[in-house]
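# Structural overview for review
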Amino acid sequence: MLIVALASLRTRWTTLVGTFVALALGVGLIAVMGLGLASAFGAPDRAPQRFAGSPVVVMGDDTLTVEVRRGPSTGQVSRRLVHPHPVDIELLRDLRALGPVTRDDGKGARGGPDAVGVDAPVTEVRRVVGDRALVLTGDDRRRADPATERDAEGLVTVNALLGTAGGITAFVAVFVVSSAFAFAVALRRREFGLLRTAGATPGQLRRLLLTEAAVVGTLASATGCALGRLGAPLLAGLLVDEGMAPSWFTVRPATWPLHAAFWTGLVVAFAGVWVASRRAGRIGPAEALREADVDTGVLPPARRLLGFALLAGAAFLMAKSLATDPSALLKRKTYTTQPMVLITAAALLAPLLVRPLARLVRLPGATGMLVTANASASLRRTAAVAAPVLITVALAGSVAGSATTVSAAKAAEVRAHTRADLIVTGKELRVRPVHGATLSASASTAVYVREEGTALLRSEARAVDDAKALATVGRLPVVAGDIRDLDDRSIVVNEEWEQHTVGAKVRVWLGDGRRAALRIAAVLARGTGNNGVYVTSVNAPAAPVDRIDVLLAPGVDRAAVTARLRDTGGTVRPTERWLAATHPRTSPQTRLGLVVILGIALVYTAIALANTMLMAGSVRSCELNALRLAGATRPRVLAVVAGEALFAVGIGALLGLTVTAVNLVGLGVALASLSAPVAVSVQWPLMGGAAGVCTVVAVGAALLPRAVRCRSTPVN
């Protein structure tokens, strides 16, 4: 069987080149992502830098640890405090009595430095410090380095990006490879019919295809692993250059990602050919005599059932999210992965939709009639072209559209929640009254709440000095209570909180870890997640003022007020300019993630389209020569071939637009149910560009001389 398979591959290598490239590229990308993840998860611990010369570091407590339920028992959960405790003056005096103390106030806190280095025996330091602060030695001293937290956040971003890209790669690779094998089997039905006539059994045909898949999969996976080892350092450099990974991040040698990528490629090859091999085994000897080119039975019952099941699953997931937790649809993880279910369902059911759509379209002239008739008759070819286009257009529209829609909604929400004419921002602003203006000063902080006894959640918050000024300058979406009732013993929460009844008391931990029982003064709408918590500055004494919203009185000189506000030590900007600077439509990290995801999809689509066109063209000689015998000129034949490719791409783009519309409408409904601004962003240029690339690739591959073999004058 191996000899027969190798002979078949040698004869039909041109039809499997696209499959080989797609599989090798997929394995290479999975290897790259795996090597990146391995390097991020197993990142080496960096040596202490800030207090490298001190054997002991004393640092203020920077974590909040709370006991929660863990099934029948209990456990502890820790969260990093937004306002770590300083090393106070009294403790500093006691430490200086032990030996030299090194201070570095670059990351200082109110009341003293956040950490100091001590040149003294660790036992003596522990005795003096007690439970007033943390005593760090050895590699633990790096906890005091400002870069430690930034590096940890960067590695989380790297993991999220590479994990998502790896999932998209696997999804598209499985679809492209399985579609390529299925289409190749459909084109070889007469060959298999001849083999059955010669006495080949269904099992032998299946083993032939599986052997071919094993050969192609092994070679492609090995090539992909080699490409992955070369590409991983380039990806690491790109992530560092874009500021998504720490400056020291690099790819370290690891073997398990290469093993995982190789065997994944082999499994994908076998999985892609398995269904096609089952279909090949059912081909009877009579297929050798079949001349009809009208495709029938192109949607097996299993594929039909799976397609409708996924369609129902997509509808259920969206309905459940809208009914129980609409805010989940606004999260990047959800709007990146959940559309895959609907996209897969539409791609599986595409053959059912091709013929009705082809019959609805009436192209003018004889060429148009031939185009629609051929597209309707050759369902496998048309669906094989439309499906990857559908995936690319739907991904571009759904993922990119959702990201920009959420970002635009957040920016619109922030603008709608303030009446301010000017915004002053800075690290530690000095607040002074300004004649003719109402100032609402606030500081960034956070509160922690234990929900249902099982989780410790952190909520971003703003600490304000004057609740009445906040109510005057702000336009907060209050659904219950009154913002002006906020005082030192109360809190403003949003509907996302487990307890959100006005007048009820909630037990929280403040940004510095202090526990407090506060009365709910008002409740805000949930919104996009920007509607955080409000407390008074008494409940966040360590939080410096970093924002002042300024509302000008009628007739006041804006320039004079702006000049006075510069004395605060911050940057004064009109509200619109502040919004444009602080609330861009998409962050650089999100843009890079979209480029990676859509780039993978577009490359795979180009490979699939070129492969399909070349495979289809290799068996169309008789059909195209028949057109020449009927009187069609060579330009007319080429127009028909190009028209069919363009028509199939158009059907795929139309289905992709439909999937995009469903996803964006669901996102719009979620925003409306959250009382957030509905600013649906349709990425027409991106989808149009993807469809344009697909058109160029499909038409170009269809018109290659090897695909259109009608160069000689037909013989009667």
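Residues numbered from 1 in each chain as written. Predicted model: local features only at pLDDT ≥ 70, side-chain atom pairs only at ≥ 80, totals over all residues. Heavy atoms only, no water.

## Thoughts on the pairing of strand E1 (residues 56–59)
The side chains of a regular strand alternate, residue by residue, between the two faces of the sheet. Because side chains alternate across E1, one face comprises the buried residues Val 56 and Val 58, and the other comprises Val 57 and Met 59, equally buried. As defined by bridge partners, E1 adjoins strand E6 (residues 134–137) across four bridges and the pair is classed as antiparallel. Its bridge partner lying in E6, Val 58 is registered against Val 135. As judged from the four bridges shared by E1 and strand E5 (residues 115–118), these two strands associate in the antiparallel manner. The residue bridging Val 56 from the neighbouring strand is Val 118, located in E5. (Buried < 20%, exposed > 50% of the residue type's maximum accessible area, 1.4 Å probe, protein only. Helix = DSSP H or I, 4+ residues; strand = E, 2+ residues; numbered from the N terminus. Pairing = 2+ DSSP bridges.)

## With respect to the packing of aromatic side chains
Here the structure, examined in full by the defined rule, presents one aromatic pair. With 5.2 Å between their ring centres and 90° between their planes, Phe 262 and Trp 263 make a pair best called edge-to-face. (Phe/Tyr/Trp six-rings, centres within 6.5 Å; stacked < 30°, edge-to-face > 60°.)

## Quick word on the environment of Arg 141
Along the chain, Arg 141 falls in the loop between E6 and helix H5 (146–187). Judged by its relative accessible area of 15%, Arg 141 is buried. For Arg 141 and Val 57, which are 84 residues apart along the polypeptide, the C-alpha to C-alpha distance reads 6.1 Å. Contacts of Arg 141, omitting those with residues within four sequence positions, involve Pro 48, Phe 51, Ala 52, Ser 54, Pro 55, Val 57 and Leu 136. Within the structure, the side chain of Arg 141 is placed 2.6 Å from the backbone oxygen of Ser 54, a separation counted as a polar contact. (Contact = heavy atoms within 4.5 Å. Polar contact = N/O pair within 3.5 Å; in protein donor to acceptor, adjacent residues only side chain to side chain.)

## Considering a positive patch on the surface
A contiguous patch of positive charge, built from Arg 450, Arg 489, Lys 505, Arg 507 and Arg 515, is present on the exposed surface. Positionally, Arg 450 belongs in strand E8 (residues 437–451). Look at Arg 450 and you get partly exposed, because its relative accessible area is 31%. (Patch = residues over 30% accessible without salt bridge, like charges linked within 9 Å, V, L, I, M, F, W, Y side chains within 5 Å. Areas by Shrake-Rupley, 256 points an atom, 1.4 Å probe, with all protein chains shown as cover. Salt bridge = Lys/Arg side-chain N within 4 Å of Asp/Glu carboxyl O. Lys, Arg positive; Asp, Glu negative; His and termini not counted. Charge placed at Lys NZ, Arg CZ, Asp CG, Glu CD.)

## Remarks on the pairing of strand E14 (residues 533–536)
The two faces of E14 match: Val 533 and Val 535 on one face and Tyr 534 and Thr 536 on the other face are all buried. Summarising the sheet, strand E9 (residues 455–464) and E14 pair through four bridges and their orientation is parallel. Residue pairing in the sheet places Ala 463 in a bridge with Val 535 of E14.

## A closer look at the nonpolar core
By size, the foremost hydrophobic cluster in this structure holds 86 residues, and its most contacted members are Leu 239, Phe 249, Leu 330, Ile 343, Leu 395 and Tyr 604. It is helix H14 (residues 379–416) that provides the largest number of residues to this core, a total of 17 residues. For Leu 239, the contacting residues outside a window of four places in its chain are Val 158, Leu 161, Met 244, Ala 245, Phe 249 and Leu 592. Counting 19 residues, the second largest nonpolar core, distinct from the first, contains Val 508, Leu 510, Ala 516 and Val 523. (Core = buried A, V, L, I, M, F, W, Y, C linked by side-chain atoms within 4.5 Å.)

## As for the packing of helix H12 (residues 350–360) against H14
Where H12 meets H14, the closest approach of the two axes is 9 Å, and the angle between their N-to-C directions is 110°. It follows from the interaxial angle that H12 and H14 lie roughly perpendicular. On the side of H12, the interface is formed by Pro 351, Val 354 and Arg 355, while H14 contributes Leu 379, Thr 382 and Ala 383. Residues that form the contact of H12 with H14 fall into these classes: four nonpolar, one polar and one charged. (Axes fitted to C-alpha atoms, helices over the stretch in contact; angles between N-to-C directions. Parallel < 35°, antiparallel > 145°, perpendicular 65-115°, else oblique. Nonpolar A, V, L, I, M, F, W, Y, C, P; charged D, E, K, R; others polar.)

## Some words on the sheet that holds E5
Strand order across the open sheet formed by four strands is E4-E5-E1-E6, with antiparallel pairing between neighbours. Two strands bound the open sheet, and with one partner strand each, they are strand E4 (101–103) and E6. Taking each pair of neighbouring strands and ignoring which way they run, the sheet shows an average axis angle of 30°. Where E4 lies against E5, three bridges are found, and the strand directions are antiparallel. Its bridge partner lying in E5, Thr 102 is registered against Gly 117. Against the sheet, helix H3 (residues 89–96) touches E1, E4 and E5, its axis set at about 140° to E4.

## Re helix H16 (residues 558–565)
Every buried residue belonging to H16 is among Val 561, Thr 562 and Leu 565, and all of these are buried. Buried residues of H16 fall within an arc of 100° about the axis and therefore sit on the same side. As for H16, its buried residues are in contact with strand E7 (422–425), E8, strand E15 (545–552) and strand E16 (571–574). (Arc of directions from axis to C-beta.)

## A look at the side chain of Thr 211
Its location among the elements puts Thr 211 in helix H7 (residues 202–241). The buried category is assigned to Thr 211, whose relative accessible area is 18%. Within polar-contact distance, the side chain of Thr 211 engages the backbone oxygen of Arg 207 at 2.6 Å.

## Brief notes about the confidence of the model for the protein
Put simply, the protein has an average pLDDT of 82, and 88% of its residues get 70 or more. Below pLDDT 50 for its whole length, residues 711–716 participates in nine contacts with residues either more than four positions away or in separate chains. (pLDDT = per-residue confidence, 0-100.)

## Topic: unusual backbone geometry
Here Glu 452, not a glycine, exhibits a phi torsion of approximately 55°, which is positive. Looking at where Glu 452 falls in the secondary structure, it is placed in the loop between E8 and E9. Assessed through its relative accessible area of 55%, Glu 452 is described here as exposed. We note that Ser 675 has phi near 60°; this positive angle belongs to a residue other than glycine. Considering the arrangement of structural elements, one finds Ser 675 in the loop between helix H20 (634–673) and helix H21 (684–702). By relative accessible area, Ser 675 is classed as partly exposed at 49%.

## Comments concerning the pattern of salt bridges
Think of it this way: side chains of opposite charge can pair up when their charged atoms draw near. This model, assessed by the stated rule, comprises 13 salt bridges. The residue Arg 127 makes a salt bridge to Glu 124 at a minimum N-O spacing of 2.8 Å. Placement of both Arg 127 and Glu 124 in helix H4 (residues 122–129) is noted, with a separation of three residues, approximately one turn of the helix. Take Arg 127: its relative accessible area is 57%, and that puts it in the exposed class. With relative accessibility at 32%, the residue Glu 124 sits in the partly exposed group. We note a salt bridge from Arg 458 to Glu 460, for which the minimum N-O separation is 3.1 Å.

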